[in-house]
Amino acid sequence: MSLPPDAPRTRMERARARLSTHVGHGLPISIGLILVISIVAGVLAFVFLNSAPPTTLTMASGPAGSAFRITAEEYRKILARQGVTLKIVASQGSRDNLAQLANAAAKVDVGFVVGGETVGGDLSRLVSLGSVSYQPLMIFYRGRTKTLLSEFKGHRLDVGLEGSGASALSQRLFEANGIKPGDGTQIGHAASETSIKALLDGRIDALFAMSDSTPTAMMRQLLRDPDIHLFNFVQAEGYAHRFTFLNRLVLPRGAIDFGEDIPADDVVLIAPTVELIARDSLHPALSDLLLEAAREVHGRAGLYKKSGEFPAPIEHDFAISADASRYYASGRGFFYRMFPFWIASLIERLLAIVVPMTIILIPGIKIAPAVFRWRTESRIYRWYAVLQRIDRDSNEGPTDPAGFDALLHRLAHMEAAVMKLAVPPAYGDLLYDLRGHIAVVRKSLRARRPAA
């Protein structure tokens with residue numbers, strides 16, 4: 001026999017009526033409230049973690065052929081293995097990278113910045129993921145051998161484009177050595193190809209270069225030219241003490257070419273470290289991926305570094321981010337070590353919902369019966385206060401039949417309200433005790449009521 005169209009609704013109403021008969025309304029309401037709170041907590045946690053990590057990242061690098069651009073290309077290949085696309089934005093070098101990061105309108109997430117860089121704008125939203133390499137300053141010059149940087153006063157110098165790391169560091173070194181425009185020194189800012197050709201042709205006397213903006217192949221060309229000298233920083237230790245972001249490095253004899261003995265002697269250089277600077281909105285999972293890529297690219301031994309020396313949590317002008325500090329302390333997150341990037345991201349987001357719900361649900365389910373018992377008992381016990389007040393008024397107040405009749409009327413009104421109470425069978429003894437006590441007070445009132 002087919003059921004009437006409203007059969008499901010009828011069954012639901014009957015089930016709800018049976019549930020109310022057995023446990024009342026308090027327990028379902030308590031459990032429902034706990035469920036709602038758990039769901040809200042899960043949703044808030046989900047939103048707090050910014051949902052899925054982005055699969056696209058934008059990096060500011062450097063000019064074509066520069067060390068920064070070559071390194072960025074290596075990062076791109078490593079991140080692609082994890083399903084993350086790295087977009088590389090060309091720049092004039094370190095200072096230009098920092099300017100783009102500081103500019104909220106620029107679509108840049110991370111970039112290479114040489115230590116000691118400063119630009120205008122708000123830098124409070126930028127954090128460091130750590131230092132990844134050294135960036136030596138190389139001064140190529142013509143003419144007689146020079147020992148001190150101050151000997152370049154009055155010469156024709158080129159320090160690279162305005163946004164390059166070489167330009168920024170050179171300016172600070174000039175100030176420390178009393179070199180400034182107007183004292184006969186000519187300071188130019190040409191592109192690397194132009195300035196190198198000018199040095200080879202004798203149109204300038206010295207070139208200040210860093211690999212963030214100068215192609216490595218061109219710097220090797222200058223090192224091989226017998227008419228060009230590489231400046232030896234005999235005061236490197238002093239510079240490192242004056243400018244705390246600088247380090248003393250040594251380019252060993254023959255390190256460029258053993259056969260041609262280039263350089264012919266050890267050359268002392270000064271070098272800031274290169275930091276990986278990011279906006280503080282960078283997703284923690286992408287921070288880990290970048291540091292994993294940095295470890296693969298920069299962790300190998302090199303001309304100026306030992307194996308495993310970089311990346312390192314070395315702070316200069318920017319604080320190490322909390323995510324980077326966690327990475328240096330404990331490595332990559334467990335799920336990102338065990339699973340591909342997208343699966344680990346999915347697990348992390350699911351846990352962001354499940355964990356808060358579990359934290360609330362487990363103790364909530366445990367305390368729900370206690371809350372329900374308290375609510376049920378309080379509905380009964382609150383009438384005892386009314387009953388005690390009537391009993392007290394009978395002892396302190398009336399002496400005539402009308403006064404006792406008024407108390408009996410109040411008692412009858414109270415009893416009518418108590419009779420309407422619906423409680424689960426488990427609490428029936430409390431309800432019947434209350435009704436028995438009402439009967440005791442009524443009997444006492446009637447016994448003490450004077451005759452009319």
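To be clear, the structure that these remarks concern was listed above.
Reference entry: report on the structure contained in this document. Just so it is clear, the structure is predicted and the values come from calculations on it, not from any experiment.

Turning next to the side chain of Ser-287. On the secondary structure map, Ser-287 appears in helix α9 (residues 284-298). Apart from residues lying up to four places away in sequence, Ser-287 is in contact with Leu-129, Leu-282, Asp-323 and Ala-324.

This part covers the nonpolar core. One finds Leu-57, Met-59, Tyr-75, Phe-112, Leu-129, Leu-276 and Leu-290 to be the most contacted residues of the largest nonpolar core, which totals 29 residues. Secondary structure elements with two or more residues in this core: β1 (56-60), α3 (67-80), β2 (85-89), β3 (110-114), β4 (126-134), β11 (267-279), α9 and α10 (322-330). Among the elements that take part in this core, α9 stands out by supplying 7 residues, more than any other. Among residues more than four places away in sequence, those in contact with Leu-276 are Met-59, Tyr-75, Val-110, Gly-111, Phe-112, Val-127, Ser-128, Leu-129, Gly-130, Val-132 and Leu-290.

Scanning the model with the defined rule gives 13 aromatic pairs in all. Summarising the aromatic geometry, the rings of Tyr-141 and Phe-152 are spaced 5.6 Å apart at their centres and angled 85° between planes, so their arrangement reads as edge-to-face. Of this pair, Tyr-141 sits in strand β5 (residues 138-141) while Phe-152 sits in the loop between β5 and β6 (156-158), placing them 11 residues apart in sequence. The residues Tyr-141 and Phe-152 share a single accessibility class, namely buried. Taken together, a centroid distance of 6.0 Å and an interplanar angle of 65° make the contact between Phe-152 and Phe-208 edge-to-face. Within this pair, whereas Phe-152 is found in the loop between β5 and β6, its partner Phe-208 is found in strand β8 (residues 206-209), the two being separated by 56 residues in sequence. Taken as a pair, Phe-152 and Phe-208 share a single burial class, namely buried. An aromatic cluster is present here, built from Tyr-141, Phe-152, Phe-174, Phe-208, Phe-231, Phe-233 and Tyr-239 joined pairwise through their rings.

Okay, the sheet that holds strand β7 (residues 186-188) next. Here we have 5 strands laid out as an open sheet, ordered β7-β6-β8-β5-β9, and mixed in their pairing. Single-partner strands in this sheet number two, and they are β7 and β9 (229-230). Two strands pair when backbone bridges link them, and β5 and β8 are joined in this way by 4 bridges, in the antiparallel orientation. Looking at the pairing, Phe-140 lines up with Leu-207 of β8. Its contacts with the sheet put helix α5 (residues 165-176) on β6, β7 and β8, and the angle it makes with β8 is roughly 120°.

Where nonpolar side chains cluster on the molecular surface, the patch consists of Phe-334, Met-338 and Phe-339 and spans about 310 Å² of accessible area. Mapped onto the secondary structure, Met-338 falls in helix α11 (residues 334-338).

With that out of the way, let us pick up the pattern of salt bridges. One pass over the structure, following the stated rule, counts 17 salt bridges. Arg-248 is the partner of Glu-237 in a salt bridge, and the nearest nitrogen-oxygen pair spans 4.0 Å. Of the two residues, Glu-237 sits in helix α8 (residues 236-242) while Arg-248 sits in strand β10 (residues 246-251), which places them 11 residues apart along the sequence. What makes Glu-237 partly exposed here is its relative accessible area of 44%.

Among the structural elements, Val-114 can be located in strand β3. Exposure remark for Val-114: the relative accessible area of 3% places this residue in the buried category. As for Val-114 and Asp-212, which are separated by 98 residues in sequence, their C-alpha atoms are 8.6 Å apart. Those residues in contact with Val-114, other than ones at most four positions away along the chain, are Phe-68, Ser-94, Gln-135, Pro-272, Thr-273 and Val-274.

Counting through the fold element by element, Arg-279 comes out in strand β11. The charged side chain of Arg-279 is buried without a salt bridge, its nearest counter-charge being Asp-109 at 5.3 Å. A distance of 2.6 Å separates the side chain of Arg-279 from the backbone oxygen of Asn-103, its partner in a polar contact. Polar contacts involving the side chain of Arg-279 include one to the main-chain carbonyl oxygen of Val-108, which spans 3.1 Å.

Calculation rules
Residues numbered from 1 in each chain as written. Predicted model: local features only at pLDDT ≥ 70, side-chain atom pairs only at ≥ 80, totals over all residues. Heavy atoms only, no water. Helix = DSSP H or I, 4+ residues; strand = E, 2+ residues; numbered from the N terminus. Contact = heavy atoms within 4.5 Å. Core = buried A, V, L, I, M, F, W, Y, C linked by side-chain atoms within 4.5 Å. Buried < 20%, exposed > 50% of the residue type's maximum accessible area, 1.4 Å probe, protein only. Phe/Tyr/Trp six-rings, centres within 6.5 Å; stacked < 30°, edge-to-face > 60°. Pairing = 2+ DSSP bridges. Axes fitted to C-alpha atoms, helices over the stretch in contact; angles between N-to-C directions. Patch = residues over 30% accessible without salt bridge, like charges linked within 9 Å, V, L, I, M, F, W, Y side chains within 5 Å. Areas by Shrake-Rupley, 256 points an atom, 1.4 Å probe, with all protein chains shown as cover. Salt bridge = Lys/Arg side-chain N within 4 Å of Asp/Glu carboxyl O. Lys, Arg positive; Asp, Glu negative; His and termini not counted. Polar contact = N/O pair within 3.5 Å; in protein donor to acceptor, adjacent residues only side chain to side chain.

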